[in-house]
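Understanding the architecture of this molecule
If you want the building blocks of each chain, they are given just below.
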Amino acid sequence: MRFVILFVFYFYSNNILFSQNQFYDVDSIRDIRINFYDANWDYLLDSLYVVGQKERILADIEIDGHNYDSVGVRYKGFSSVSVNRVKNPFNIKLDYIIDDQDHKGVEKLKLSNIIQDPSFIREVLTYEICRKYMPASMANYANLYINDTLWGLYTNVEAVNKDFLNDHFGSKYNPFFKCNPENLNIQIGGENSNLSNTHGVDSSDYYTYYDIESDYGWADLYNLIDTLNNFKDSVHYLLNIDRTLWMHALNYSLVNFDSYIGYAQNFYLYRDQARQFSPIIWDLNMSFGGFRLTDASQLYFSGFDINQAQNMDPLIHYNFISVSPRPLMRNLFDNERYRKMYLAHIRTIMEENFVNQDYFYRGQYFQSIIDQHVQNDTNKFYSYTDFITNLNNQVSLVASICPGITQLMDSRSSYLSSYKGYLGHPVINNVTYHPQNLSLGDDLWITASITDATYAMVSYRFGNNQRFRSLEMFDDGNHNDGASGDGIYGCKIINSSNNIDYFLYAENDSAGIFSPERAAYEYYNITAKISSGDLVINELMSNNKTVVSDASGKFEDWIELYNTTNTPISTQGLFLSDTILNLFKWDLPNHIISANDYLIIWADEDGNQGQEHANFQLSNLGETLLLSHYDSSLIDSITYVSQNIDVSFGRNPNGFGAFTMLTPTFSANNDYTIANNFTDIDFLDVYPNPFINEIFIYSNSPYFITDVTGKIVLENNNLDILNTSDWNSGVYFIHLNNNTRQVIKIIKI
């Protein structure tokens, strides 16, 4: 049994975490040297930028003494690029020609030219603050040399790409969008990527406003847009509300208006494993008032000055008219509880970074480590005096004034600290749970001392592929909470899993508060051990040639785990190994397996594909496979022998029987599928599975397909190839339309 702990929600593998953190270590200045193959490289890059193409030109690159050939280089960004500037930003793709070429796990470099920031610290400081509350890029500094000439000091920002998704969300194949329009509407208050539904009723109407970076997802994005605008009370099923409120709180607290709250751009959306879209904050070089053109509201439609930025209403899109639609704010802020949660997040940001002056000390530190490098940068856009001055005082630019960071934020902190909804919140203490010796399937009581609250709740989940669900807490003497009205609140989570992530929220008429205050990015955690037989190795395949492919289209080894109980089981704290000498060879993710359901682990040594890909392969000659707890106690093990091509080894009867050779039943019941024991009319084979927009089905009998609710989506079919582009993502079942009882589970991703 583990006690309640505060657990930060990250998905890094140890190797990736170490190497990427090392590369983006803010205490070190990277040394990056580009040697272009073409003498007229600047003309070529200028030409590509002018015609709006994203092609690259070739170069060699040296990063801190490590050399890489044939990398692809282009300019990065929109307003920060100009053919009349020497110091432009760069996007460098290390694996442009050479597959899988990377530097310490990093395949793409994003180098920003630090325009619009005389202080040189806005971007790095803002990303550091954001990473406390939501997934955000790492960032530090680099000296860039081009053909052996110092080009200047740049910020080195981690790309938001599929590697980023894999690190923070444990997957990378789900719908993924960069929310920047193809042609930015620079008219003040333009809609751009604002998630309004004004462009049409078909997903194709939105193609020019969002840049899809996944293989599919337009229907999912339009579903989000339609729900946000027309069914806002249901949007929490599709949108991570808390993550969205954090993004708005960071943007408004730090006056970062080159974002959704300004031109409605510079953010990403990724649909996580809980099937919710999560926003990812991006492009923070103009935070701390560097961008002051508009916020699309009635009050500051034409921009705002420094004094107005200091006193910017964080609920301006609730208290005033949105001249240009901003439904991601306005429709959420219409909910009183969401407003209080949002202001609670603002209070946390202010108290942890600005009221205590931590941001000022960090700013001083950043400036101290780059001071000499700024002086050496002959292509910088501002003077060294401007650099020294702008941490505290405003600096005049060509067409505007850049506020001093402390000049802006000390006043902003004072303004927000007195804002209605900031103060007067309840107090949460003594968070605990019963029983302390939790067992799988127990009813779990969560209790806490809460003063001055009119409402309290617990939000919980059993695994990171579930969204948080909320239960109201009561102080009525009937919820394991002591006497009625004694300030002890309680609630019950029934049929609890072996892993519970949870946080508390309480509010009154004045304000709300979370515990822990960085929830839901941080949360409390309870774990318990499962018993032998609760979770079993149910089936495996070490010679998969054509049966089922993973999301990358490769036919890899796989292992099927099966939850034999009527309670959800989490794989948090469990390990798989193919050697008794190292039971901790691969730690499973915090993934929930529903009652009487399956989890597929791909044994392909390819963790870059996602958290369900193990760091070992299965030997086709046979070996032992072991499933164990974090304390080395075994849960299940199996020794298998050499397998024929496209035949699996699994339990029959399903879940508890002896192992035998089977016709593979990927993520489905093993019963009635003993290999070579089917009659002709029993034959049913499908691939790929999971599938995207097309699936091949071979059967000697007609079949029908149902969704998870039992609704028939395809009836009495005998086609071999199905176009599934208009199907929703999720689980479906193929049923042979005869007496064989054979059912195959298929998954559209």
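Residues numbered from 1 in each chain as written. Predicted model: local features only at pLDDT ≥ 70, side-chain atom pairs only at ≥ 80, totals over all residues. Heavy atoms only, no water.

**Describing the pattern of salt bridges**
Oppositely charged side chains can form a pair if their charged atoms are brought close together. The criterion, for reference: Any Lys or Arg side-chain nitrogen located within 4 Å of an Asp or Glu carboxyl oxygen qualifies as a salt bridge. Only DSSP runs of H or I reaching four residues or more are called helices, and only runs of E reaching two or more are called strands; each is numbered from the N terminus. Each residue is placed in one exposure class: buried if its accessible area under a 1.4 Å probe, protein chains only, is under 20% of its type's maximum, exposed if it is over 50%, and partly exposed if it falls in between.
With the rule as written, the count across this model stands at 18 salt bridges. Across the salt bridge formed by K54 and D211, the nearest N and O atoms sit 3.9 Å from each other. Separated by 157 residues along the polypeptide, K54 in the loop between helix 2 (41-50) and strand 3 (57-63) and D211 in strand 10 (residues 211-212) bring together distant segments of the chain. Judged by relative accessible area, K54 falls into the exposed class, the value being 56%.

**A closer look at the sheet that holds strand 24 (residues 557-563)**
Condition: Strands are labelled as partners when DSSP assigns at least two bridges between them.
Spatial strand order, 30-29-24-23-33-34: six strands in an open sheet with mixed pairing. Every interior strand has two partners, whereas the edge strands, strand 30 (613-614) and strand 34 (658-662), have only one. As paired elements, strand 29 (residues 598-603) and strand 30 share two bridges and run parallel to each other. When the bridges of strand 30 are listed, W602 appears paired with H613.

**Regarding helix 2**
Test applied: Taken from the helix axis, the directions to the C-beta atoms give the arc we talk about.
For helix 2, every residue scored as buried is listed here: W41, L45, D46 and L48. Seen from one end, helix 2 has its buried residues packed into an arc of 165°, which puts them on one side. Of the exposed residues in helix 2, those oriented more than 90 degrees away from the buried face are Y43 and V50.

**Some points on unusual backbone geometry**
Residue S515 is joined to P516 through a cis peptide bond whose omega torsion reads -5°. Tracing the backbone through its elements, the reader meets P516 in the loop between strand 21 (512-515) and strand 22 (522-527). Residue A520 is reached from A519 by a cis peptide bond, and omega for that bond is 5°. Inspection of the secondary structure assignment puts A520 in the loop between strand 21 and strand 22. Positive phi outside glycine occurs at D283, with the angle close to 60°. By secondary structure assignment, the location of D283 is in the loop between strand 12 (277-281) and helix 7 (306-310). Residue D283 is classed as buried on the basis of its relative accessible area of 18%. Unusually for a residue other than glycine, D452 sits at a positive phi of about 60°. Following the sequence through the fold, D452 ends up in the loop between strand 16 (444-451) and strand 17 (455-461). Residue classification places D452 among the exposed positions, given a relative accessible area of 54%.

**A word on the pairing of strand 32 (residues 634-639)**
Both strand 31 (residues 624-629) and strand 32 contribute to a ladder of five bridges, which runs antiparallel. When the sheet's bridge partners are listed, S628 is paired in strand 32 with L634.

**Topic: the confidence of the model for the protein**
In low-pLDDT segments, the atomic positions of the prediction should not be examined closely. Just so we agree on the cut-off: Scored between 0 and 100, pLDDT is the confidence that the predictor attaches to each residue. The contact rule is simple, with two residues in contact once any of their heavy atoms fall within 4.5 Å.
When the pLDDT values of the protein are averaged, the result is 90; 91% of them are 70 or greater. Across residues 1-18, where pLDDT falls below 50, the model places 53 contacts with residues more than four positions away in sequence or in other chains. Scored below 50 in pLDDT, residues 674-682 shows 21 contacts in the model against residues more than four places distant or in partner chains.

**Section: the nonpolar core**
Basically, it comes down to this: In this text, buried Ala, Val, Leu, Ile, Met, Phe, Trp, Tyr and Cys residues form a nonpolar core when linked through side-chain atoms within 4.5 Å.
By size, the foremost hydrophobic cluster in this structure holds 104 residues, and its most contacted members are Y210, L221, F288, Y342, I349, F354 and I370. The biggest single contributor to this core is helix 10 (residues 336-353), with eight residues. Other than its neighbours up to four places away in sequence, L221 contacts F177, L195, Y210, L269 and F277. Counting residues in hydrophobic clusters, the runner-up holds 29 residues, among them Y68, V73, V106 and I146.

**Structural notes on the pairing of strand 12**
With five of five residues buried, strand 12 is to be regarded as a mostly interior element. Judged by which residues are buried, strand 12 turns out to be covered on both faces: F277, P279 and I281 on one side and S278 and I280 on the other are all buried. Relative to strand 12, strand 11 (residues 267-271) is paired through five bridges, and the arrangement is antiparallel. Across the sheet, L269 pairs through a bridge with P279, a residue of strand 12. Between the end of strand 11 and the start of strand 12, which pair antiparallel, lie five residues, with R275 showing a positive phi angle near 65°.

**Things to note about the packing of aromatic side chains**
The description of an aromatic ring pair rests on the distance of the ring centres and on the angle between the ring planes. Where we set the bar: Within 6.5 Å between ring centres, the rings of Phe, Tyr and Trp (the latter by its six-membered ring) count as paired, and their orientation is classed by plane angle as stacked under 30 degrees, edge-to-face over 60, tilted in between. Throughout this description, the term charge over a ring refers to an Arg CZ or Lys NZ atom that lies within 6 Å of the ring centre and within 35 degrees of the ring normal.
Taken as a whole and judged by the stated rule, the model has 40 aromatic pairs. Taking the centre distance of 6.4 Å and the plane angle of 70° together, the rings of F288 and F354 count as edge-to-face. Linking F288 in the loop between strand 12 and helix 7 with F354 in the loop between helix 10 and helix 11 (358-376), this pair joins segments that are 66 residues apart in sequence. Here F288 and F354 have matching classes, each one buried. Members of the aromatic cluster, each reached through a chain of ring pairs, are Y127, F169, F176, Y268, Y270 and W282. Here the basic side chain of R33 rests over the ring of Y145, its NZ or CZ set 3.8 Å away from the ring centre. Above the ring of Y455, the side-chain terminus of R337 is found at 3.7 Å from the ring centroid.

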